[in-house]
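Take a look at the letters that make up each chain.
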Amino acid sequence: MFNLVYFSILTLCFIDAVKTECHIGWLHYGNSCYLFSSTKMSWYNAASSCREHGAQLAEIETQAEDRYITNIAQTLRSFFWLGARDDVVEGTFEWSSGTPFIYTNWHPGEPNNGGPAGSEDCVFTDGGWTDQSCDVKNNYVCEKEYPEELATNAPVVGK
Ligand SMILES: [Ca+2]
Ligand SMILES: [Ca+2]
């Protein structure tokens with residue numbers, strides 16, 4: 001009996017340790033792990049880079065999540081691509097995964113589809129959000145489900 005209890009405690013500790021980890025270089029907040037890139041690339045290449053990490057460009061659903069991400073973006077003093085664009089219907093922004101585009105934190109005057117390219121379909125944050133040409137090379141934020149390990153090991157339906 002004692003051994004069984006001891007084993008259970010060990011198991012619980014192990015599971016807990018696994019649950020609390022995001023991969024090295026990723027930051028944990030809420031139900032997500034985030035990676036703030038040190039390199040700059042176009043929106044589409046940034047989206048591919050996130051997918052290569054089993055993630056996607058960050059999608060901001062709440063003010064709390066926005067504050068977390070934009071605080072870091074401001075601290076790092078750079079522009080970070082988010083996973084939103086309006087290339088299907090101009091002026092109608094969508095998160096790439098289909099997450100409802102409800103919460104927003106546009107800078108005053110944005111989105112304006114302005115700029116020299118005359119077409120700004122992708123969104124970055126530097127504390128507030130701006131639409132910009134998707135070809136511009138910016139830093140980017142990837143987001144994936146937390147905890148990573150359990151998500152990775154979850155049974156894959158349909159395979
Ligand atoms: Ca999110
Ligand atoms: Ca703009």
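Residues numbered from 1 in each chain as written. Chains lettered and ligands numbered in written order. Predicted model: local features only at pLDDT ≥ 70, side-chain atom pairs only at ≥ 80, totals over all residues.

An unreviewed UniProt entry annotates the protein chain as C-type lectin domain-containing protein originating from Mytilus galloprovincialis.

S.K.: A description of helix H2 (residues 43-52) should follow, citing residues and the corresponding values.
M.R.: Buried within H2 are the following residues: Trp-43, Ala-46, Ala-47 and Cys-50. All buried residues of H2 project into a common sector of 100° when viewed along the axis, lining one side. Relative to its buried face, H2 has exposed residues pointing more than 90 degrees away, namely Ser-48 and Glu-52. In this structure, the buried side of H2 is in contact with strand E3 (56-57), strand E4 (80-85), strand E6 (122-125) and strand E8 (139-145). (Buried ≥ 20, exposed ≤ 12 C-beta atoms within 10 Å, placed from the backbone. Helix = DSSP H or I, 4+ residues; strand = E, 2+ residues; numbered from the N terminus. Arc of directions from axis to C-beta. Contact = placed C-beta atoms within 7 Å.)

S.K.: If you had to explain the pairing of E4 to someone new, which residues and values would you point to?
M.R.: Along E4, six of the six residues are buried, which leaves the element largely enclosed by surrounding structure. In E4, alternate side chains face the same way, and those of Phe-80, Leu-82 and Ala-84 on one face and Trp-81, Gly-83 and Arg-85 on the other are all buried. Summarising the sheet, E4 and E6 pair through three bridges and their orientation is antiparallel. When the bridges of E6 are listed, Phe-80 appears paired with Thr-125. Here two bridges tie E4 to E8, and the two strands are oriented parallel to one another. The residue of E8 that forms the bridge with Trp-81 is Tyr-140. Alignment of E4 against strand E5 (residues 94-95), held across two bridges, turns out to be antiparallel. Bridging from a neighbouring strand, Arg-85 pairs with Glu-94 of E5. (Pairing = 2+ DSSP bridges.)

S.K.: For the pairing of E8, give the residues involved together with the corresponding values.
M.R.: With five of its seven residues buried, E8 lies for the most part within the structure. The pairing of strand E2 (residues 32-36) with E8 spans five bridges and is antiparallel. Each residue of the ladder has a partner; that of Ser-32, found in E8, is Glu-145. One ladder, built from two bridges, connects E3 with E8; its direction is antiparallel. The partner of Leu-57 across the bridge, within E8, is Cys-142.

S.K.: Can you tell me about the nonpolar core, naming the residues and giving the values?
M.R.: One finds Leu-57, Ala-58, Trp-81, Leu-82, Val-141 and Cys-142 to be the most contacted residues of the largest nonpolar core, which totals 28 residues. The set of elements that each furnish at least two residues to this core consists of E2, H2, helix H3 (63-76), E4, E6 and E8. Leaving out residues up to four positions away in the same chain, Cys-142 has contacts with Tyr-34, Leu-35, Cys-50, His-53, Ala-55, Gln-56, Leu-57 and Ala-58. (Core = buried A, V, L, I, M, F, W, Y, C linked by C-beta atoms within 7 Å.)

S.K.: Go over the confidence of the model for the protein chain, please, and point to the residues and values.
M.R.: Per-residue pLDDT for the protein chain has a mean of 86; in total, 79% of the residues score no lower than 70. The low-confidence segment residues 4-18, where pLDDT is below 50, has three contacts with residues more than four positions distant or belonging to other chains. (pLDDT = per-residue confidence, 0-100.)

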